[in-house]
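Descriptive analysis of the structure
Here's the letter readout for the chains.
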Amino acid sequence: MATASKPTERRAGFRAMTEGTAEDWAIIGADYLHSLQTTVPRIMGHLRLLADGHGGFAVDRLEHSLQTATRAHRAGRSDDYVACALLHDIGDTLCPADHPSIAAAIVAPYVGEELTWMVAHHAVFQGYYYFHHLGLDRNARDKYAGHPYYDLTEEFCAEFDQAAFDPSYPSMALEDFVPLLEHVFAAPSASRVQAEATPSAS
Ligand SMILES: [Fe+2]
Ligand SMILES: [Fe+2]
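Chains are numbered independently. Their residues run from 1 in the order of the written sequence. Numbering of ligands from 1 and lettering of chains from A proceed in the order in which they are written. Per-residue local features of the predicted model are confined to residues with pLDDT of at least 70, and side-chain atom pairs are confined, for both listing and counting, to 80 or more; whole-chain, interface and lining totals are unaffected and use all residues.

1. What about the overall build of the protein?
Quick note on the threshold: A run of H or I in DSSP counts as a helix once it spans at least four residues, and a run of E counts as a strand once it spans at least two, with each numbered from the N terminus. Three exposure classes are used. Buried residues have 20 or more other C-beta atoms within 10 Å of their own C-beta, exposed residues have 12 or fewer, and partly exposed residues fall in between, all C-beta atoms being placed from the backbone. C-beta atoms are placed from the backbone for every residue, and two residues are taken to be in contact when these atoms lie within 7 Å.
A count of helical and extended segments in the protein gives eight helices and zero strands. Element order for the protein, N to C, with α for helix and β for strand: α-α-α-α-α-α-α-α. Projected onto its principal axes, the C-alpha coordinates of the protein cover approximately 60 × 35 × 30 Å. Buried residues in the protein amount to 29% of all 202 residues. Of all intrachain contacts in the protein linking residues separated by at least 6 positions in sequence, the fraction that spans at least 24 positions is 57%.

2. Details of the nonpolar core
What counts, and what does not: To form a nonpolar core, buried Ala, Val, Leu, Ile, Met, Phe, Trp, Tyr and Cys residues must be joined through C-beta atoms within 7 Å.
Ala-83, Cys-84, Ala-85, Leu-87, Ala-103, Val-107 and Val-119 are the most contacted members of the largest nonpolar core, which has 37 residues in total. Counting only elements with at least two residues in this core, the list comes to α2 (39-49), α3 (61-74), α4 (79-87), α5 (99-107), α6 (113-126), α7 (150-161) and α8 (178-184). Broken down by element, this core gets its largest block of residues, seven residues, from α4. In contact with Ala-83, other than residues within four places in its own chain, are Val-107, Leu-180, Leu-181 and Val-184.

3. A word on the environment of His-183
Inspection of the secondary structure assignment puts His-183 in helix α8. Overall, the presence of 14 C-beta atoms within 10 Å leaves His-183 in the partly exposed class. It is 23 Å that separates the C-alpha atoms of His-183 and Leu-49, two residues lying 134 residues apart in sequence.

4. A look at the packing of α3 against α4
Each pair of packed helices gets described by two things: the angle between the helix axes and the distance between those axes. Using the following cut-off: For helices, the fitted axis covers only the stretch in contact; all axes are lines through C-alpha atoms, and the angles between them, taken along N-to-C directions, range from 0 to 180 degrees. Here the angle decides the label: under 35 degrees means roughly parallel, over 145 means roughly antiparallel, 65 to 115 means roughly perpendicular, and every other value means oblique. For any pair of crossing helices, the crossing counts as left-handed if the nearer helix is rotated counterclockwise from the farther one by less than a right angle, and right-handed if it is rotated clockwise. Note on residue classes: Ala, Val, Leu, Ile, Met, Phe, Trp, Tyr, Cys and Pro are nonpolar, Asp, Glu, Lys and Arg are charged, and everything else, Gly too, is polar.
Packing of α3 against α4 leaves a shortest axis separation of 7 Å and a crossing angle of 160 degrees. In this view, α3 runs roughly antiparallel relative to α4, as classed from their interaxial angle. In the crossing of α3 with α4, the sense of the turn from one axis to the other is right-handed. Facing Ser-65, Thr-68, Ala-69, Ala-72 and His-73 of α3, the residues of α4 in contact are Tyr-81, Val-82, Ala-85 and Leu-86. Its residues placed into classes, the contact of α3 with α4 shows six nonpolar, three polar and no charged.

5. Describing the environment of Gly-135
Here Gly-135 shows up in the loop between α6 and α7. As a C-alpha pair, Gly-135 and Tyr-32 span 103 residues in sequence and 47 Å in three-dimensional space.

Below you can see the structure in the form of structure tokens.
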């Protein structure tokens, strides 16, 4: 990873964007670069928030995430895959109504579209293992039958996500994943950075 820039102590002078200058935007752009280069510590911080809730499961949400990622890592999956496994439920605290979309948005600029799709759709595939206990259709995932990433997502839930609720499983520590996260989140793919989000000023 490139040497991280420092956060700027300078501030733009404008009070409305109509007053903005190139110098203002050089200041803001430099800070945006720093923000891009320090994504991993913020991701770690948000993952730690998952330890505050167990949702009634035998393990808390951080342990579930660590266990999902550890199982994927020990099964020889790629760094990108393991990072997705670690982050797949990171939205549980901020958006319980649609937690997969939060994780998918975070990984999308850094991993392939197949892994982003897997993260974005894992909830309905995970439902195969419990929807019927709630009076729902466990085969709801079948609406995606024939999709090129169906098998990938089905396997993620079968092999890793649905199996990661064991309090006795020897999961890796969150800190053990830092080198892998630094590698995956080293730089976003330029083609996947949304222009309207660069830099954030709204
Ligand atoms: Fe989930
Ligand atoms: Fe999960």
